[in-house]
Amino acid sequence: MRSSVAVVGTGYVGLTTGACLAHLGHEVTCVDIDPGKIDRLNRADIHILEDGLEELVVEGLRSGRLRFTTDTAAAVAGRSFVCLCVPSPQADDGSADLSFIRTAAAEMGPHLDPGAVVINKSTVPVGSTDVVAEALGREDVSVVSNPEFLREGSAVHDFLHPDRVVIGADDEAAAMKMVSLYVGLTAPIVVTDPASAELIKYASNAFLAAKLSFINEVADLARALGANIDDVVLGVGSDPRIGRNHLQPGPGWGGSCLPKDTRAMLHMAAGADQPMDLLEAVIAVNEARFDRTAARLAELAGGSLDGVRVAVWGLAFKGGTNDLRSSPSLAVLERVVAAGAEVVAHDPAVDAGAEVLAGVTVVDDPYEACAGAQVLAVLTDWQSFRNLDLDRVVSVMAAPRLLDARNLLDPQTVERCGFQAVRLDG
Ligand code: NAD
């Protein structure tokens with residue numbers, strides 16, 4: 001059944017949601033407070049790097065099923081569904097800052113049709129469905145929690161092929177209406193109350209963070225005991241109860257969600273007088289991982305990074321995205337720059353000259369980043385790095401030293417090219 005939908009916020013979640021819902025046949029209007037973004041979107045100029053997203057936006061614009069505007073009132077009026085996809089950043093005390101959500105809800109409230117269903121896709125603490133309802137100030141509309149689980153880099157695929165759809169609602173009729181939006185997708189649908197839906201999202205992200213911190217500790221142990229972490233990961237991850245996803249050691253986890261969501265969960269737990277010691281440790285292990293990665297680089301450079309030219313491949317928080325928010329690469333580089341290094345970095349999704357961090361120069365070319373460098377650090381798992389010419393890299397570096405913090409490059413090729421190479425775990 002074709003529905004009319006407004007999507008509020010055209011970031012990673014909102015734009016993907018809008019484009020995919022239009023692709024599924026719904027009439028969608030996306031609204032954002034950023035006029036520059038809306039101008040570009042109306043020209044199908046996409047600010048987000050996501051496989052297949054541009055094609056869906058072009059398809060939606062051409063068919064007339066997808067529109068972009070800055071006018072919230074016009075966007076939500078007459079719509080059966082309104083999806084809230086605005087930020088929920090970390091506040092100073094670690095809690096989730098709900099001000100964007102309150103503002104957006106208050107702005108749209110007076111313009112909603114009676115019977116409209118407001119779907120909150122932003123990641124928010126338990127109780128936020130009521131916060132949205134209060135800010136809307138409308139007794140005649142329903143609010144439903146529908147946390148989003150898409151992963152940046154594969155957002156379109158994840159939206160169209162979800163593992164599960166979670167719908168949290170006190171109003172059963174609204175939950176059933178919502179199910180109709182997802183007709184065409186094959187996924188188990190978990191219908192529950194709003195508190196459980198909100199907690200499902202936080203618990204999922206906290207568990208993923210825990211897996212990553214755990215395997216990073218196992219990688220350190222493997223190094224100390226002379227075990228091969230690649231084989232350990234393969235052996236452990238082959239157990240379907242564990243799985244191989246989020247079991248790859250690296251320089252620490254980050255991105256726009258895991259850091260803020262784990263802290264928001266801790267804050268929420270403290271508020272409920274339910275300390276989460278395990279989650280505290282998961283975060284602490286990760287902070288230590290950034291220190292450790294910078295320290296390993298210093299060791300490789302001969303004990304100190306002061307005055308050392310460091311080449312870096314990878315700034316985004318993972319390969320396949322241009323999102324730099326809370327990127328582990330930047331967390332490590334903060335430490336590297338503070339230790340006195342001069343950093344020249346390349347990332348396939350970051351333009352030359354971009355100001356990502358004081359003390360870091362961004363260049364377009366991976367070989368240019370390495371010219372004259374005394375050490376090269378691979379910090380993001382861009383698959384394209386595997387195809388670079390390592391002989392050429394060695395020929396332009398002042399000293400061919402390599403820290404492959406993502407275990408990305410083929411160890412045999414690295415050795416053949418004459419690198420003095422280390423990984424975090426070996
Ligand atoms: P984003 O920062 O990429 O996009 C948010 C957009 O909302 C921006 O374009 C901003 O201009 C717009 N906006 C802010 N206030 C607005 C308002 N009042 N009206 C209209 N537009 C407004 O954020 P995102 O990464 O898409 O995340 C959105 C939410 O989804 C967050 O709660 C996040 O935790 C959650 N989430 C994100 C991901 C992810 O991978 N990025 C995955 C699942 C859930």
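Residues numbered from 1 in each chain as written. Predicted model: local features only at pLDDT ≥ 70, side-chain atom pairs only at ≥ 80, totals over all residues. Heavy atoms only, no water.

Q: When you look at the site of the ligand in this model, what are you seeing that I'm missing?
A: Neighbouring residues of the ligand: 26 residues in total, closest Asp-32, Lys-37, Ser-88, Glu-152 and Lys-260. Taking Tyr-12, its main chain carries an N or O atom lying 3.1 Å from an oxygen atom of the ligand. Interatomic distance of 2.6 Å between a side-chain N/O atom of Asp-32 and an oxygen atom of the ligand. Across the shell around the ligand, the residue classes break down as 12 nonpolar, seven polar and seven charged. When residues are assigned to domains, the shell around the ligand turns out to be shared by domain 1 (4-192) and domain 2 (208-416), each giving three or more. (Near = heavy atom within 4 Å. Polar contact = N/O pair within 3.5 Å; in protein donor to acceptor, adjacent residues only side chain to side chain. Nonpolar A, V, L, I, M, F, W, Y, C, P; charged D, E, K, R; others polar. Domains from an automatic or database assignment.)

Q: I tried to follow the side chain of Ser-204 on my own but got confused; where do I start?
A: Position of Ser-204 among the secondary structure elements: in helix 9 (residues 194-225). Relative accessible area serves as the criterion here: at 19%, Ser-204 is assigned to the buried category. At a separation of 2.7 Å, a polar atom in the side chain of Ser-204 contacts the main-chain carbonyl oxygen of Ile-200. The residues contacting Ser-204, other than those within four sequence positions of it, are Phe-149 and Arg-164. (Helix = DSSP H or I, 4+ residues; strand = E, 2+ residues; numbered from the N terminus. Buried < 20%, exposed > 50% of the residue type's maximum accessible area, 1.4 Å probe, protein only. Contact = heavy atoms within 4.5 Å.)

Q: What exactly am I supposed to notice about helix 6 (residues 128-136) here?
A: One turn of an α-helix holds 3.6 residues; hence residues three or four places apart share an orientation. Taken together, the buried positions of helix 6 are Ser-128, Thr-129, Val-131, Val-132 and Leu-136. The buried side chains of helix 6 occupy one side of the element, clustering within an arc of 160 degrees when seen end-on. What points out from helix 6, more than 90 degrees from its buried face, is the exposed set Asp-130 and Glu-134. As for helix 6, its buried residues are in contact with strand 4 (81-84), helix 5 (99-108), strand 5 (117-120), strand 6 (142-145) and helix 9. (Arc of directions from axis to C-beta.)

Q: I would appreciate a short explanation of the environment of Gly-60 in the present structure.
A: Tracing the backbone through its elements, the reader meets Gly-60 in helix 3 (residues 53-63). As a C-alpha pair, Gly-60 and Val-28 span 32 residues in sequence and 8.7 Å in three-dimensional space. Once residues within four sequence positions are removed from consideration, Gly-60 is found in contact with Arg-65 and Leu-66.

Q: What's the story with the domain arrangement of the chain in this structure? I'm lost.
A: Where interface size is quoted, it is often the accessible area lost as the parts come together. For the chain, the assigned domains read domain 1 (4-192) and domain 2 (208-416). A C-alpha centroid distance of 32 Å is found between domain 1 and domain 2. On the domain 2 side, the residues contacting the 17 residues of domain 1 number 17 residues. Between domain 1 and domain 2, the buried area comes to about 1300 Å², and carbon and sulfur atoms account for 52% of it. The largest share of the area that domain 1 buries against domain 2 comes from Leu-49, Gln-90 and Glu-152, three residues that together contribute 40% of it. Connecting domain 1 to domain 2 are one salt bridge. With a shortest N-O distance of 3.7 Å, Arg-325 and Glu-152 are connected by a salt bridge. On inspection of domain 1 and its partner domain 2, the count reaches nine residue pairs in polar contact (both at pLDDT 80 or more). Split by residue class, the side of domain 1 that touches domain 2 holds seven nonpolar, seven polar and three charged. (Buried area = accessible area lost by both parts, 1.4 Å probe. Salt bridge = Lys/Arg side-chain N within 4 Å of Asp/Glu carboxyl O.)

Q: What's the story with helix 12 (residues 277-300) in this structure? I'm lost.
A: In this model helix 12 runs 34 Å from its N-terminal to its C-terminal C-alpha over 24 residues, within 8% of the 34 Å that 1.5 Å per residue would give. For helix 12, the full list of buried residues reads Leu-279, Val-282, Ile-283, Asn-286, Arg-289, Phe-290, Thr-293, Ala-294, Arg-296, Leu-297, Ala-298 and Leu-300. Phi turns positive, to about 105 degrees, at Gly-302, one or two residues after helix 12. (Expected span 1.5 Å × (residues − 1).)

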